[in-house]
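Residue strings, one per chain:
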Amino acid sequence: MDASGISPEDWAEAIRLDRAPGLTDVDAVMSTLVSRAARAQRRTIGFPAATDIDWSRTQRLFTRLFNNVGDPSTAPSGEAHTNSLEVEVVRWFADVVGLPQNDRWGYVTSGGTESNIAALRVARDRYPDAVLYLTHASHYSIRKTANLLGLHPKDVVVVRDSWYGEMDYGHFEKLVARYKGRPAIVVATAGTTLWEAVDQTDRIETILDAYGVMRRHVHVDAALSGIPLALDGTLGLGAGSPIDSIAISGHKFLGTPIPCGVVVMRDSVRVSRGEHITYTATVDSTVLGSRCGQAAAVLWAAIAMYGRNGHQARALRARRVAAYAVERIGSTGWPVFRHPDAFTVVLQTPPLSLAAEFGWVLSVDGDYCHIICMPGVSHEVVDEFVADLSRVVARWAVMAECRTRPQNSGWRAVGAGEDRVLSG
Ligand SMILES: Cc1ncc(COP(=O)(O)O)c(C=O)c1O
């Protein structure tokens, strides 16, 4: 039985499709999906999706097809698309990252992965003989993209990262020195998946300059941190920026009700502008053909409802909660770390019972795990988490103490070769 009150057997029965049409209770299945997700939301704090925006005003969009096929600047025929909103969304993102008015291009994607594919495809077309540099902390979509684009494994170079997830610039320099005769496609990350580390593109630029690698494309995978850092003015493609393209996710900081993303870049880095497709009356410049029109509309709504200031305030509030989480977790003595301005709070992986018994859904990578204080995670949720963490850690402390306690204390000692069950 899960938290929604439906046993796995009942659920399997409810969704079976090999019965006569009409005999399945579609409404009940839909309601259960929503109530399960809503119930789990409070304790699902390991994944970066904001939950503070009320999307009910966009619900009616989902009663129709909206297909933004083709380049957003070339509206497909008919009215079943949201191209005009997509153009506005791309303009807003391009403004926020400081792209010059006369040198910008982008579109609304299906998520961070497609944004990365779109940008790296442009980079590869620009420099087909390039070496692609990524780091150990790069998102797995970067390796997948290299593979999809048919890059030879020998042309994909992995730079070491530091223990806190940021690029090891010393190692990057060694690799650039080795391949300095070749163009470079460098993928920096703004908000790595575990640590939310931000690679410094000015240091990347300095190293490329030092080795005379002028034929280069610097892409920033900013799926998580792109919007907040751009709003702070610390990430951008304005005058003097070494960045050529940037990938941003829509369902992370904005928490859109469907996965989506945005890719923006300098228009001048594009070698090909796409083929004109007669029967759709559009230009095929995007990775996908048919694209979700609702994605552009919900992104537009998020911008219209909050504006720059509203989103900056959301980021600020979330960072305050993250700082509070570090303080509270630290006060229990449990090892904890956070990059400045990050939503992510990294901690030593706690006992498994925190998930199994208390239902906390964390993102775990061996010895480390994280919680992400995205907008929507409250101080109260952090307090609940810390209370449960303290409980499970206290049990460990009792166990540790028990190993050394004399037998007559009422506890049976637990040690090598002895009974491993604690008993009073
Ligand atoms: C740094 C980074 N890049 C790319 C992605 C991929 O985004 P999506 O899952 O939206 O395709 C993620 C998602 O977690 C990410 O954190």
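Residues numbered from 1 in each chain as written. Predicted model: local features only at pLDDT ≥ 70, side-chain atom pairs only at ≥ 80, totals over all residues. Heavy atoms only, no water.

## So, the packing of helix α4 (residues 112-126) against helix α5 (residues 140-148)
Relative orientation of the contacting elements α4 and α5 amounts to 45°, with a least axis distance of 10 Å. What the angle tells us is that α4 and α5 run oblique. As α4 packs across α5, the resulting crossing turns out to be right-handed. For the pair α4 and α5, contact is made by Thr-113, Asn-116, Ile-117 and Leu-120 and by Ser-141, Ile-142, Lys-144, Thr-145 and Leu-148, respectively. The residue makeup of the contact of α4 with α5, split by class, is four nonpolar, four polar and one charged. (Axes fitted to C-alpha atoms, helices over the stretch in contact; angles between N-to-C directions. Helix = DSSP H or I, 4+ residues; strand = E, 2+ residues; numbered from the N terminus. Parallel < 35°, antiparallel > 145°, perpendicular 65-115°, else oblique. Left-handed = near helix turned anticlockwise from the far one by under 90°. Contact = heavy atoms within 4.5 Å. Nonpolar A, V, L, I, M, F, W, Y, C, P; charged D, E, K, R; others polar.)

## Overview of the sheet that holds strand β13 (residues 368-372)
What the four strands build is an open sheet, ordered β10-β11-β13-β12; its pairing is antiparallel. The strands lining the two open edges of the sheet, one partner per strand, are β10 (336-337) and β12 (363-365). As defined by bridge partners, strand β11 (residues 344-348) adjoins β13 across five bridges and the pair is classed as antiparallel. Across the sheet, Gln-348 pairs through a bridge with Tyr-368, a residue of β13. This element, helix α9 (residues 293-331), spans β10, β11 and β13 of the sheet and lies at about 20° to β11. (Pairing = 2+ DSSP bridges.)

## Side note on a nonpolar patch on the surface
A contiguous nonpolar patch, built from Val-26, Met-30, Leu-33 and Val-34 and spanning about 370 Å² of accessible area, is present on the exposed surface. Residue position: Val-26 is located in helix α2 (residues 26-41). (Patch = residues over 30% accessible without salt bridge, like charges linked within 9 Å, V, L, I, M, F, W, Y side chains within 5 Å. Areas by Shrake-Rupley, 256 points an atom, 1.4 Å probe, with all protein chains shown as cover. Salt bridge = Lys/Arg side-chain N within 4 Å of Asp/Glu carboxyl O.)

## With respect to α9
Every α-helix winds through 3.6 residues per turn, so residues three or four apart in the chain are directed the same way. Given a rise of 1.5 Å per residue, 39 residues ought to cover 57 Å, yet the end C-alpha atoms of α9 are separated by just 47 Å, more than 12% below that figure. Gly-333, located one to two residues past α9, shows a positive phi value of around 90°. (Expected span 1.5 Å × (residues − 1).)

## A short note on the packing of aromatic side chains
Under the counting rule described, the total for this entry stands at 10 aromatic pairs. Pairing Trp-92 with Phe-93 gives two aromatic rings, centres 5.2 Å apart and planes at 85°, and the pair type is edge-to-face. Here the two residues Trp-92 and Phe-93 agree in accessibility, since each one is buried. Here the aromatic rings of Trp-163 and Tyr-164 are separated by 5.1 Å at their centres, their planes lie at 90°, and the arrangement is edge-to-face. Classification of Trp-163 as exposed rests on a relative accessible area of 57%. For Tyr-164, a relative accessible area of 28% puts it in the partly exposed group. Grouped by ring-pair contacts, the aromatic residues Trp-163, Tyr-164, Trp-195, Phe-337 and Tyr-368 constitute a single cluster. Of note, Arg-36 hangs over the ring of Trp-11, and the distance from its end group to the ring centre comes to 4.3 Å. (Phe/Tyr/Trp six-rings, centres within 6.5 Å; stacked < 30°, edge-to-face > 60°. Buried < 20%, exposed > 50% of the residue type's maximum accessible area, 1.4 Å probe, protein only. Lys NZ or Arg CZ within 6 Å of the ring centre and 35° of its normal.)

## Focus on the site of the ligand
Taken together, 13 residues surround the ligand, and among them Gly-112, Thr-113, Asp-221, His-251 and Lys-252 come closest. Contacts to the ligand include His-251, whose side-chain N or O atom sits 3.2 Å from an oxygen atom. Interatomic distance of 3.2 Å between a side-chain N/O atom of Lys-252 and an oxygen atom of the ligand. When isolated, the ligand has an accessible area of 390 Å², and the protein chains bury 82% of it. (Near = heavy atom within 4 Å. Polar contact = N/O pair within 3.5 Å; in protein donor to acceptor, adjacent residues only side chain to side chain.)

## Thoughts on the domain arrangement of the protein chain
Assigned domains within the protein chain: domain 1 (60-305) and domain 2 (309-398). The gap between the C-alpha centroids of domain 1 and domain 2 is 30 Å. In total, about 1,700 Å² of surface goes out of reach between domain 1 and domain 2, with carbon and sulfur atoms giving 65% of it. Sorting the residues of domain 1 by area buried against domain 2 places Leu-194, Trp-195 and Phe-253 first, and these three jointly supply 40% of that buried surface. Taken together, the connections running from domain 1 to domain 2 amount to one salt bridge. The closest approach of N and O atoms between Arg-319 and Asp-232, which form a salt bridge, is 2.8 Å. Broken down by secondary-structure element, the contributors of at least two residues to the side of domain 1 that touches domain 2 are α8 (226-232) and α9. The element best represented in the side of domain 1 that touches domain 2 is α8, accounting for four residues. For the side of domain 1 that touches domain 2, the residue count by class is 14 nonpolar, one polar and three charged. (Domains from an automatic or database assignment. Buried area = accessible area lost by both parts, 1.4 Å probe.)

## Some thoughts on the environment of Val-97
Mapped onto the secondary structure, Val-97 falls in the loop between α3 (83-96) and β1 (105-109). Residue classification places Val-97 among the buried positions, given a relative accessible area of 3%. Spatially, the C-alpha atom of Val-97 lies 8.9 Å from that of Ile-246, the residues being 149 residues apart in sequence.

## Re the pairing of strand β2 (residues 131-135)
Along any regular strand the residues' side chains alternate between the sheet's two faces. Of all five residues in β2, five are buried, a share of seventy percent or more. Sheet topology places β2 next to strand β4 (residues 184-189); three bridges connect them, and they run parallel. Looking across to β4, one finds that Val-131 is bridged to Ala-184. Pairing between β2 and strand β3 (residues 156-159): four bridges, direction parallel. Paired with Leu-134 across the two strands is Val-158, which belongs to β3. Between the parallel elements β2 and β3, the chain passes through α5 in a crossover that is right-handed. (Right-handed = clockwise from strand over helix to strand, strands pointing away.)

## Brief notes about the nonpolar core
Side chains of nonpolar character tend, in soluble globular proteins, to be buried together. By size, the foremost hydrophobic cluster in this structure holds 61 residues, and its most contacted members are Phe-93, Tyr-133, Phe-172, Leu-208 and Ile-246. If one sorts the elements of this core by residue count, α9 sits on top with nine residues. A domain-level breakdown of this core finds at least three residues from each of domain 1 (60-305) and domain 2 (309-398). Excluding residues within four positions of it along the chain, Tyr-133 makes contact with Val-157, Val-159, Phe-172, Leu-175, Val-176, Tyr-179, Ala-184, Ile-185, Val-186 and Val-187. Trp-334, Ile-371, Cys-373 and Val-392 belong to the second-largest nonpolar core, a separate cluster that totals 22 residues. (Core = buried A, V, L, I, M, F, W, Y, C linked by side-chain atoms within 4.5 Å.)

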